[in-house]
Structure formats: structure tokens, C-alpha cells
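# Structural features, examined
In case you want the letters, here they are:
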Amino acid sequence: MEKITEETLIVRDFLARQRTKLANDRTLLSYIRTSLYFIVSGTALIKVNDLENVKELGYFSFLISLVLLILGFINFFRLKRKLNKGRYEKM
């Protein structure tokens, strides 16, 4: 299969590719937003002095935040690479 460039696409396919790129950006931003929520909740749980067992949950929240951030960037760059190579049909 030959590689289709942005210039040779018809308008409908070009707009579909642009929508996919924008959706990829929105997905990355939602991963970052969720990661920030876990950081905030982890900080709040660590600052609670009344309960001892809650601190571990706060550290676990930090770990989840880091994992979500890494997964978001991996997903973003993997899809971006597929779109740039023109293999977005096989996603």
C-alpha cells in the first residue's frame, strides 16, 4: 500500500485525520488531568494526621498518578507515530 500524504487526501479524509489528531490531544489532556487529581488527593490523604493507615493510600495515589501520566504519554506518542506514518486504519 502506498503512503497517502496530507496533500493527496480528499477533504472528508483530511478532516477525519484532523479530528483524530485533536481527539488524541484531548485524550492526553484528560490523562494529565486525572493524574493531577490523584496527586491532589494523595497530598490531602498524606496530610491527614488523625488516621495512620490513610498515608499509605496517599502514597498509592501518587503511584497511580505516575502510572497514569506515563500511560497517557505512551498512548499519545504511539498514536501520533501511527498517524504520521499513515497507518491509522490499523489502530
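Let us look at the structure shown here. (Residues numbered from 1 in each chain as written. Predicted model: local features only at pLDDT ≥ 70, side-chain atom pairs only at ≥ 80, totals over all residues. Heavy atoms only, no water.)

### Section: the overall build of the protein
Of the regular secondary structure elements, the protein holds two helices and zero strands. Within the protein, buried positions represent 19% of all 91 residues. Long-range pairs, those at least 24 residues apart, make up 54% of the contacts in the protein between residues at least 6 apart in sequence. On the protein, roughly 7,000 Å² of surface is accessible, and the fraction owed to carbon and sulfur atoms is 65%. (Helix = DSSP H or I, 4+ residues; strand = E, 2+ residues; numbered from the N terminus. Buried < 20%, exposed > 50% of the residue type's maximum accessible area, 1.4 Å probe, protein only. Contact = heavy atoms within 4.5 Å. Areas by Shrake-Rupley, 256 points an atom, 1.4 Å probe, with all protein chains shown as cover.)

### Details of the packing of aromatic side chains
Under the definition given, this model contains two aromatic pairs. Centroid distance Phe 73 to Phe 77: 6.3 Å. Interplanar angle 20°. Geometry classified as stacked. With a gap of four residues between them, Phe 73 and Phe 77 both fall in helix H2 (residues 54–85), about one helical turn apart. Note on Phe 77: relative accessible area 45%, which makes it partly exposed. Geometrically, the ring pair formed by Phe 76 and Phe 77 is edge-to-face, given 5.1 Å between the ring centres and 75° between the ring planes. Using a relative accessible area of 10% as the deciding quantity, one classes Phe 76 as buried. Put simply, the rings of Phe 73, Phe 76 and Phe 77 pair up and form one aromatic cluster. (Phe/Tyr/Trp six-rings, centres within 6.5 Å; stacked < 30°, edge-to-face > 60°.)

### Details of the side chain of Ser 35
With respect to the secondary-structure elements, Ser 35 resides in helix H1 (residues 11–47). For Ser 35, the side chain forms a polar contact with the side chain of Ser 65, separated by 2.7 Å. Setting aside its immediate chain neighbours within four residues, Ser 35 contacts Ser 65 and Leu 69. (Polar contact = N/O pair within 3.5 Å; in protein donor to acceptor, adjacent residues only side chain to side chain.)

### Examining the pattern of salt bridges
In the structure shown here, the tally under the stated rule is one salt bridge. Arg 12 is paired through a salt bridge with Asp 13; the nearest N and O atoms lie 3.8 Å apart. Arg 12 sits in the exposed class, given a relative accessible area of 59%. Assessed through its relative accessible area of 26%, Asp 13 is described here as partly exposed. (Salt bridge = Lys/Arg side-chain N within 4 Å of Asp/Glu carboxyl O.)

### Some remarks on H1
Between its terminal C-alpha atoms H1 stretches 54 Å, which fits the 54 Å expected from 37 residues at 1.5 Å a residue. If you follow the buried residues of H1, they end up packed against H2. (Expected span 1.5 Å × (residues − 1).)

### Description of a nonpolar patch on the surface
On the surface, Leu 57, Phe 60, Leu 63, Val 67 and Leu 71 cluster together into a nonpolar patch covering about 460 Å² of accessible area. Inspection of the secondary structure assignment puts Leu 71 in helix H2. What makes Leu 71 partly exposed here is its relative accessible area of 44%. (Patch = residues over 30% accessible without salt bridge, like charges linked within 9 Å, V, L, I, M, F, W, Y side chains within 5 Å.)

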